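These are the residues of each chain, in order.
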Number of protein chains: 2
Amino acid sequence: MQKKLPQSNLYLREEELRRGIELLYFAYRDFTSDPDEILAQTGLGRAHHRVLYFVRRNPDTTVSGILKLLRITKQSLSRVLNQLVEEGYIEQTPGTQDRRQRLLKLTEKGEAFEKELFSTQRQRVAQAYKTAGPEAVAGFWEVLLNIVNDSDREIVLRQIEK
Amino acid sequence: MQKKLPQSNLYLREEELRRGIELLYFAYRDFTSDPDEILAQTGLGRAHHRVLYFVRRNPDTTVSGILKLLRITKQSLSRVLNQLVEEGYIEQTPGTQDRRQRLLKLTEKGEAFEKELFSTQRQRVAQAYKTAGPEAVAGFWEVLLNIVNDSDREIVLRQIEK
DNA sequence: TTTATTATGTCAATATAGCTGACATATATA
DNA sequence: TATATATGTCAGCTATATTGACATAATAAA
């Protein structure tokens, strides 16, 4: 069956699977705590951060673009987006081909704030990358990408290769 | 079938850091959606899952053990734990040395339910491990462990080596 | 032995982030 | 002209967390 068995399958035992689950939980928790501290001072929350992040990464995306990417409802997005627009972090311009659309992008204030939020996570991730080394990082990406739903992998790949 | 990510030496640039951030976000989201579906049918939520998970992994732990591990308040835990005890998933016994403590462990019902929840995530993670291979998995662990707060690393190591 | 501390529990109020359902408007498409 | 789409809004509900105040029983320290 399996021609090239690189090593044993010991890494598929319950212990190793639980290790992944637990590391994912703890790492994700600490990783999200960095921006949370900054956000707490501004009256914004994680939901706002996610929108800022992905608008920054996808300038001139539409409302429905964000909805699909984040898999939330428009009612949820609305609360967050309205606040970000009112407070001058995001600006909306009507679509050029389709004027029903609202194209989203960060204002200068939004750019600056996203940069500040990003820098905390950048630092954490860069330190982890450096400590673990490039091959470990490649493995980290590979496993995470394969944890993503098959049906989402295309959209995620498009995102990370932007 | 397998999507190969470009192997890059310049793994500390903004692009690669954002890749990690995004993969972490999407993978974590999909990874938690598996148990969520089952939980939705029972009237329990993620918070209950976490408690079941870590009580299963640390039988006869105490209330404050769980509080420290999950970093939540006792008021938060209370809601969840009471429900799990009332519905027969967890049983509490007084501590042997210190009778103020409540030692927690899963009942048979709790064990069965945790197993069901775990199996969904096990499948997802095992598939990702298999696709990525043992070396990638080692890198995955290494990077995640280094993303964890320095101050938490000891406790996380103790957990995953149990 | 008295006092202080610890482990746990509870009540109340609040915040955040999501959801469903219903309805509205403007624009694009068939 | 009729229908579908992109977006927005109102209202109500849920899950998960927080802080603060107070209570009880058991252990540890004075």
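It should be noted that the structure appears before, not after, this text.
The structure presented is a predicted model; accordingly, all values stated were derived computationally and were not measured.

About the cut-offs
- Residues numbered from 1 in each chain as written.
- Chains lettered and ligands numbered in written order.
- Predicted model: local features only at pLDDT ≥ 70, side-chain atom pairs only at ≥ 80, totals over all residues.
- Heavy atoms only, no water.
- Near = heavy atom within 4 Å.
- Polar contact = N/O pair within 3.5 Å; in protein donor to acceptor, adjacent residues only side chain to side chain.
- Helix = DSSP H or I, 4+ residues; strand = E, 2+ residues; numbered from the N terminus.
- Axes fitted to C-alpha atoms, helices over the stretch in contact; angles between N-to-C directions.
- Parallel < 35°, antiparallel > 145°, perpendicular 65-115°, else oblique.
- Left-handed = near helix turned anticlockwise from the far one by under 90°.
- Contact = heavy atoms within 4.5 Å.
- Nonpolar A, V, L, I, M, F, W, Y, C, P; charged D, E, K, R; others polar.
- Pairing = 2+ DSSP bridges.
- Core = buried A, V, L, I, M, F, W, Y, C linked by side-chain atoms within 4.5 Å.
- Buried < 20%, exposed > 50% of the residue type's maximum accessible area, 1.4 Å probe, protein only.
- Least-squares fit on C-alpha atoms with pLDDT ≥ 70 in both.
- Phe/Tyr/Trp six-rings, centres within 6.5 Å; stacked < 30°, edge-to-face > 60°.

Colleague: What exactly am I supposed to notice about the protein's contact with DNA strand D here?
Modeller: The local shell around DNA strand D holds 26 residues, among which Lys74(A), Arg100(A), Arg50(B), Thr73(B) and Ser76(B) are the closest. For DNA strand D, the fraction of protein-proximal atoms (within 4 Å) that sit in sugar or phosphate groups is 60%. Residue Ser76(B) places a side-chain N or O atom 2.8 Å away from a phosphate oxygen belonging to DNA strand D. Contact distances for DNA strand D include 3.5 Å between a base nitrogen and a side-chain N or O atom of Arg100(B). Broken down by secondary-structure element, the contributors of at least two residues to the surface near DNA strand D are α3 (63–70) and α4 (74–86) of chain A together with α2 (46–57) and α4 (74–86) of chain B.

Colleague: Even after reading the chapter, I still don't get the packing of α3(A) against α4(A), so can you show me in this structure?
Modeller: When two helices pack together, their arrangement is given by the angle between their axes and by how far apart the axes lie. All names here are of chain A. For the pair α3 and α4, interaxial distance at closest approach is 10 Å and the crossing angle is 115°. In terms of orientation, α3 lies roughly perpendicular with respect to α4. Along this stretch, α3 crosses α4, giving a crossing that reads as right-handed. On α4, the residues touching Val 63, Ile 66 and Leu 67 of α3 are Lys 74, Leu 77 and Leu 81. Each residue belonging to the contact of α3 with α4 can be placed in one class, and the counts come to five nonpolar, no polar and one charged.

Colleague: I would appreciate a short explanation of the sheet that holds strand β2 (residues 90–94) of chain A in the present structure.
Modeller: Strands pair in a sheet through their backbones, by hydrogen bonds, and they do so in one of two ways: parallel or antiparallel. Here we have three strands laid out as an open sheet, ordered β1-β3-β2 (chain A), and antiparallel in their pairing. The open sheet has two free edges, formed respectively by β1 (61–62) and β2 of chain A, since each of these has just one partner strand.

Colleague: What is the right way to look at the protein's contact with DNA strand C in this model?
Modeller: Around DNA strand C, the structure places 26 residues, and the nearest of them are Arg46(A), Arg50(A), Ser76(A), Lys74(B) and Arg100(B). Of what DNA strand C places within 4 Å of the protein, 60% of the atoms are sugar or phosphate. Backbone polar atom of Ala47(A) to a phosphate oxygen of DNA strand C: 3.2 Å apart, as the coordinates give it. Of all the elements in the fold, those that place two or more residues in the surface near DNA strand C are α2 (46–57) and α4 of chain A together with α3 (63–70) and α4 of chain B. Split by residue class, the surface near DNA strand C holds three nonpolar, 13 polar and 10 charged.

Colleague: Is there a simple way to explain the nonpolar core in this structure?
Modeller: Nonpolar side chains tend toward joint burial in soluble globular proteins. Core analysis: the largest hydrophobic core is formed by 100 residues, its most contacted members being Ile90(A), Phe140(A), Ile90(B), Tyr129(B) and Phe140(B). For Ile90(B), the residues in contact, after removing those within four places along its chain, are Val51(B), Leu52(B), Val55(B), Leu81(B), Leu84(B), Val85(B), Leu104(B), Lys105(B), Leu106(B) and Thr107(B).

Colleague: Teacher, can you tell me more about the relation of the copies chain A and chain B here?
Modeller: Two copies of a chain can be linked by a rotation about an axis combined with a shift along that same axis. Here chain A sits on chain B after a turn of 180° about the axis and a move of 0.0 Å along it, with an RMSD of 0.1 Å. The symmetry that links the two subunits is that of a two-fold axis. For chain A, the residue whose C-alpha comes nearest the rotation axis is Phe140(A), separated from it by 1.9 Å. A share of 94% of interface residues in chain A that are also interface residues in chain B marks the association as one of identical surfaces.

Colleague: Help me understand the environment of Val137(A) in this model?
Modeller: Considering the arrangement of structural elements, one finds Val137(A) in helix α6 (residues 134–147). Residue classification places Val137(A) among the buried residues on the basis of a relative accessible area of 0%. Sequence-distant contacts of Val137(A), defined by excluding residues within four places in its chain, comprise Tyr129(A), Tyr11(B) and Val143(B).

Colleague: How do you make sense of the packing of aromatic side chains when you look at a structure like this?
Modeller: How two aromatic rings sit relative to each other is given by the distance of their centres and the angle of their planes. Across all of its chains, the model carries 19 aromatic pairs over all chains by this definition. Arranged with centres 5.6 Å apart and planes meeting at 55°, the rings of Phe26(A) and Phe54(B) form a pair that is tilted. One end of the pair, Phe26(A), is in helix α1 (residues 14–42); the other, Phe54(B), is in helix α2, on a second chain. Like Phe26(A), the residue Phe54(B) is buried in the burial classification. Taking the centre distance of 5.0 Å and the plane angle of 75° together, the rings of Tyr53(B) and Phe54(B) count as edge-to-face.

Colleague: Help me out: how do you make sense of the side chain of Asn149(A) in this one?
Modeller: You can see Asn149(A) is positioned in the loop between α6 and α7 (150–160). Other than its neighbours up to four places away in sequence, Asn149(A) contacts Arg71(A), Asp30(B) and Arg124(B).

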